[in-house]
Amino acid sequence: MVTERAMDNTVHKDYQYIAVEPISGALGAEIRGPNLSESLKPVAIAEIRGALLDHLVIFFPDQELTPREQLSFAQYFGSPMEYPQLKGLPESPLVTAVTKMEQERTNFGGVWHSDTTYLEFPPAASMLYAVEIPPHGGDTLFANQYLAYETLSNGLKETLDSLVAVNVSTKPEVSKTREHRLREAGDKLKSLVSKHPVVRTHPETGRKALYINNAHTLNLEGWTEEESLPLLNFLFSHQVKPEFTCRFRWSKGCLAFWDNRCTQHHPVNDYQGYRRVMHRVTLAGDKPR
């Protein structure tokens, strides 16, 4: 039996099938024990789900997964959904390749964001598997949006609790990071818009989290963009303070699994001249409330 080390924001737990090692004080833990290419017992699945809810993003090193095996693992935790902007792999359409080629200067999604918050039903979680990584660089940052909300003043919390954000797929900050892949696929960026609470309540933990992000949030409902900008810019900076984050260094064969309802992430673009290939599976979510 493996005992998890206590974290400030999680409960002390005993595990039978997985070993859990936190990687920072804010969020993130490395998981060892299970072979994700094999069938898992219900108790192991429950332990992994519990670790995800406690740590918000979890990492499984040293895995060997085909796209179909990655998809099978994802199905233990929800229903995989298509990525709205790009087609998936020919042999496994619900698995999307996230690729940066050697000659490219921008990386896919290279800005702080929560995945596809411009959808009416944004994803609950995402899984990213490292197929090919550069010899150095290419880390991913994650930020805890529970802490981002909980550390605000009571007065600002009361203000934000009643606000709704307009989220779009076409903000320039993130649109330019998709240009190479869309052009390669012969696709055009789809213009999608959805409105969600600035503060959402997690459907499983009951905790409140900030649910806006610089990549997709355009303005506050009923406010102009100009009126919204000062408050949004303050929140965008606050959301990713170092004390709310962890930084993960990838290795080939590692799978990351994060809760999109209470985290943001940012792939670091610091590996010019090298290729990075990842496979992503996205799990369908509910309407934020």
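Residues numbered from 1 in each chain as written. Predicted model: local features only at pLDDT ≥ 70, side-chain atom pairs only at ≥ 80, totals over all residues. Heavy atoms only, no water.

Novice: Help me understand the pairing of strand 5 (residues 57-60) in this model?
Specialist: Two faces, one strand: in a regular strand the side chains alternate between the faces of the sheet. Burial along strand 5 is two-sided: the residues Val57 and Phe59 and Ile58 and Phe60 are all buried. Here strand 4 (residues 29-32) pairs with strand 5 via two bridges, running parallel. In the sheet register, Ala29 faces strand 5, and the bridge partner there is Ile58. Between strand 4 and its parallel partner strand 5, the chain crosses via helix 1 (residues 42-55), and the hand of that crossover is right-handed. Of the strand pairs in this sheet, strand 5 and strand 16 (residues 255-259) are connected by four bridges, and their pairing is antiparallel. Bridge pairing links Ile58 to Phe257 in strand 16. (Buried < 20%, exposed > 50% of the residue type's maximum accessible area, 1.4 Å probe, protein only. Helix = DSSP H or I, 4+ residues; strand = E, 2+ residues; numbered from the N terminus. Pairing = 2+ DSSP bridges. Right-handed = clockwise from strand over helix to strand, strands pointing away.)

Novice: Honestly, the packing of aromatic side chains in this entry has me stumped. Any pointers?
Specialist: Two descriptors summarise a pair of aromatic rings, namely the distance from one centre to the other and the angle between the planes of the rings. Summed over the entire model, instances satisfying the criterion amount to eleven aromatic pairs. Between the aromatic rings of Phe60 and Phe73, the centroid separation amounts to 5.7 Å while the plane-to-plane angle is 75 degrees, which identifies the pairing as edge-to-face. Placement of the pair is Phe60 in strand 5 and Phe73 in helix 2 (residues 67-74), with a sequence separation of 13 residues. Of the residues examined, Phe60 reaches a relative accessible area of 0% and is grouped as buried. Phe73 gets classed as buried once you look at its relative accessible area, which sits at 1%. Put simply, the rings of Phe59, Phe142, Phe248, Trp250 and Trp258 touch in pairs and so form one group of aromatic residues. The ring of Tyr211 carries the charged tip of Arg200 above its face, separated from the ring centre by 4.7 Å. (Phe/Tyr/Trp six-rings, centres within 6.5 Å; stacked < 30°, edge-to-face > 60°. Lys NZ or Arg CZ within 6 Å of the ring centre and 35° of its normal.)

Novice: So what exactly am I meant to see when it comes to the sheet that holds strand 10 (residues 164-168) here?
Specialist: Within a beta sheet, neighbouring strands are joined by backbone hydrogen bonds and run either parallel or antiparallel to one another. Within the open sheet, the three strands sit side by side as 11-10-14. Their pairing is antiparallel. Whereas interior strands pair on both sides, the edge strands pair on one side only; in this sheet they are strand 11 (193-197) and strand 14 (217-220). This sheet shows a mean twist of 30 degrees between the axes of neighbouring strands, independent of strand direction. Of the strand pairs in this sheet, strand 10 and strand 14 are connected by three bridges, and their pairing is antiparallel. The residue bridging Asn167 from the neighbouring strand is Thr217, located in strand 14. (Axes fitted to C-alpha atoms, helices over the stretch in contact; angles between N-to-C directions.)

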